[in-house]
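# What the coordinates show
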Amino acid sequence: MRLLLLASLLVCAGTHAATTYTVTDTGDAGDGTCDATCTLRDAVDAAQADDRILFDLALPAPIVIGLSGPALQIDVPLRITATDGVRTTIRRVANKGRLIDVLAGGDARVVGIGFEDGVEDTAEVHAYGGAILVHALGALELRDCVFRNNFANAVAPNFDAGGWRARGGAIYAAGELRVDGCAFIGNKTDSAIGSFGGYTMDPNGGPAGDSSGGAIHAEGLVDIANTTFSGNIAFAQDGGLGDTNNFDASGGRGGDAYGGAVSLGANAVGTIAFSTMIHNTTRPGEGGLGGAFGVGPQGPPGLASGSAVATAAATVLNTSVIAANEGAPPCAGDALLVARTTNAVDHASCPGNVVVALDTQFDPIDALALSPHYAPKFDSVVVDAAPDCLDAIAFEAVDLDQLLTPRPLTTYLPAGRCDIGAIEFNPVLFADGFEEPPPPP
């Protein structure tokens, strides 16, 4: 009995009571403790397992957390939640660097936060994750979040080194990633140019790096639902120049570009459901000029594939909209990319029903909206076109869309059918973009 009591006391003594930290200061200074003032960096540094981070109701809206220091480091299970109805954004305001690193052992659940202007700008090394990097054995869950204008940029500062790749303009995930009800707008990857011939032992120009996942590149378990992707780009640089003093030197190969919105590596396990990918782009690099400023043979150009989604692993793409993406056929992965039921697409490279001019069946996107999206028009083919309202692998019901509108809102018969894409057509949407009317003045 005494041994049991002692064991119980030891267990209790080692147990951490979860703490809620409240951010009171939108700056990036701090000493790692939340006392008279508490920045987001203070709260993250102070947090232990299962703690929560909230934002002071007295902070003026919209809330912008301006980062100027290194990325915030999360290495424990942690929840960060915005105040309902208050736009809250983490933005890079000075210096370069991504916004958050989720380290091994970290398990972050983030709700209602925007991530803007993260820049992972690296010299002579690969650039992974402009806003967030999820390390192996880390996990990240995002709900109701918006990623705008984040940039993973690989740089070749010297002519004798190049070819660095860029992956995940907004997020690079080597660990687990879950995304629900989010939007990815205007994120970009940009690889490094190839090395120049004559600056190394080789007179030929070097190959440029590849560029993938304008919004997301994943190498682990990834599940995406109710999410809009627009204006993201995977941009690859040109091959290096051949030796300017060598008529026979050839230019380097241009970089490949794939996955304008999303790319999945060979080790990934991916599901994408009820999502919309419109106006994303892949742009491969040109071959470098041959030696003596073009007298030698030009290098071969890079290849573009999957202007919306590219996968090297088994991936289920279901009940999603793929339209008006540019630079390459929108889907790359061949037999690896399958649908459980159907999708609405504008090209046969994607599994689903091909619809000409599919993008014209949606209202234009407002990229600055609280949750940017493409709303289907009332007569769009996507309305009530999903055979069921289940996730990509039919494991659970998807009962809310990106704007938290209930699914299904059956417009036509038969009843119980959801709309394809991130947004459920709602004939009573109000000016604020949500289905509930605004409060009276």
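Structure's up top.
Residues numbered from 1 in each chain as written. Predicted model: local features only at pLDDT ≥ 70, side-chain atom pairs only at ≥ 80, totals over all residues. Heavy atoms only, no water.

### Brief notes about the overall build of the protein
For the protein, the helix and strand inventory stands at three helices and 38 strands. The C-alpha radius of gyration of the protein comes to 24 Å, within 12% of the 22 Å expected for a compact globule of 441 residues. Principal axes of the C-alpha set define a box for the protein whose edges measure 80 × 60 × 55 Å. Every one of the 441 residues in the protein was classed for burial, and the buried ones make up 53%. Working note: accessible area of the protein is about 18,300 Å², and carbon and sulfur atoms make up 59% of it. Measuring between centres, the 22 positive side-chain charges of the protein sit 2 Å from its 51 negative side-chain charges. (Helix = DSSP H or I, 4+ residues; strand = E, 2+ residues; numbered from the N terminus. Rg over C-alpha atoms; globule rule 2.2 N^0.38 Å. Buried < 20%, exposed > 50% of the residue type's maximum accessible area, 1.4 Å probe, protein only. Areas by Shrake-Rupley, 256 points an atom, 1.4 Å probe, with all protein chains shown as cover. Lys, Arg positive; Asp, Glu negative; His and termini not counted. Charge placed at Lys NZ, Arg CZ, Asp CG, Glu CD.)

### A closer look at the sheet that holds strand β3 (residues 63–67)
Across a sheet, paired strands are connected by hydrogen bonds in the backbone, their directions being either parallel or antiparallel. The ten strands lie next to each other as β3-β6-β9-β14-β19-β24-β29-β34-β37-β38, forming an open sheet whose pairing is parallel. Bordering the open sheet on either side are β3 and β38 (353–354), each of which pairs with just one other strand. Relative to strand β19 (residues 183–185), strand β14 (residues 146–148) is paired through three bridges, and the arrangement is parallel. Its bridge partner lying in β19, Arg 148 is registered against Ile 185. (Pairing = 2+ DSSP bridges.)

### Quick notes on the state of the cysteines
As enumerated under the stated definition, the model contains three disulfides in all. The side chain of Cys 331 participates in a disulfide bridge whose partner is Cys 350; the two sulfur atoms lie 2.0 Å from each other. Disulfide Cys 331-Cys 350: torsion about the S-S bond near 95 degrees, hence right-handed. Here Cys 331, found in strand β35 (residues 331–332), pairs with Cys 350, found in the loop between β37 (344–345) and β38; they are 19 residues apart in sequence, far enough to count as distant. In the protein, the bonded cysteines, numbered by position in the sequence, are linked as 1-2, 3-4, 5-6. (Disulfide = S-S within 2.5 Å.)

### Section: the packing of aromatic side chains
Counted under the stated rule, the structure contains five aromatic pairs. Their ring planes at 5 degrees and their centres at 4.3 Å tell us that Tyr 128 and Tyr 172 sit as a pair that is stacked. On the criterion of sequence distance, the pair formed by Tyr 128 in strand β11 (residues 127–128) and Tyr 172 in strand β17 (residues 171–173) is long-range, its members being 44 residues apart. When its relative accessible area of 17% is taken as the criterion, Tyr 128 is described as buried. According to the relative accessible area criterion, Tyr 172 is buried, its value standing at 9%. On the numbers, 6.5 Å between centres and 70 degrees between planes, the contact of Phe 196 with Tyr 199 is edge-to-face. By relative accessible area, Phe 196 is classed as buried at 16%. Members of the aromatic cluster, connected to one another through ring pairs, are Phe 115, Phe 147, Phe 184 and Phe 229. We note Lys 188 situated over the ring of Phe 235; from NZ or CZ to the ring centre the distance is 4.7 Å. (Phe/Tyr/Trp six-rings, centres within 6.5 Å; stacked < 30°, edge-to-face > 60°. Lys NZ or Arg CZ within 6 Å of the ring centre and 35° of its normal.)

### What about the nonpolar core?
If you look at the biggest cluster of nonpolar residues, it comprises 63 residues, and the most contacted ones within it are Phe 115 and Leu 142. With four residues, helix α2 (residues 40–46) is the single largest residue contributor to this core. For Leu 142, the residues in contact, after removing those within four places along its chain, are Val 110, Phe 115, Phe 147, Ile 171, Leu 177, Arg 178, Val 179, Asp 180 and Cys 182. With 21 residues, the next largest nonpolar core counts Ala 323, Val 355, Leu 358 and Cys 418 among its residues. (Core = buried A, V, L, I, M, F, W, Y, C linked by side-chain atoms within 4.5 Å. Contact = heavy atoms within 4.5 Å.)

### A few points about the sheet that holds strand β5 (residues 77–81)
Pairing is parallel in the open sheet, where ten strands are placed in the order β1-β2-β5-β8-β13-β18-β23-β28-β33-β36. Whereas interior strands pair on both sides, the edge strands pair on one side only; in this sheet they are β1 (20–23) and β36 (337–338). Sheet topology note: the strand β13 (residues 139–143)/strand β18 (residues 176–180) ladder contains five bridges and is parallel. For Leu 140, the partnering residue across the bridge sits in β18 and is Leu 177.

### Concerning the environment of Ile 63
Relative to the elements of secondary structure, Ile 63 occurs in strand β3. For Ile 63, a relative accessible area of 1% corresponds to the buried category. Measuring from C-alpha to C-alpha, the distance between Ile 63 and Phe 362 comes to 31 Å, with 299 residues separating the pair along the chain.

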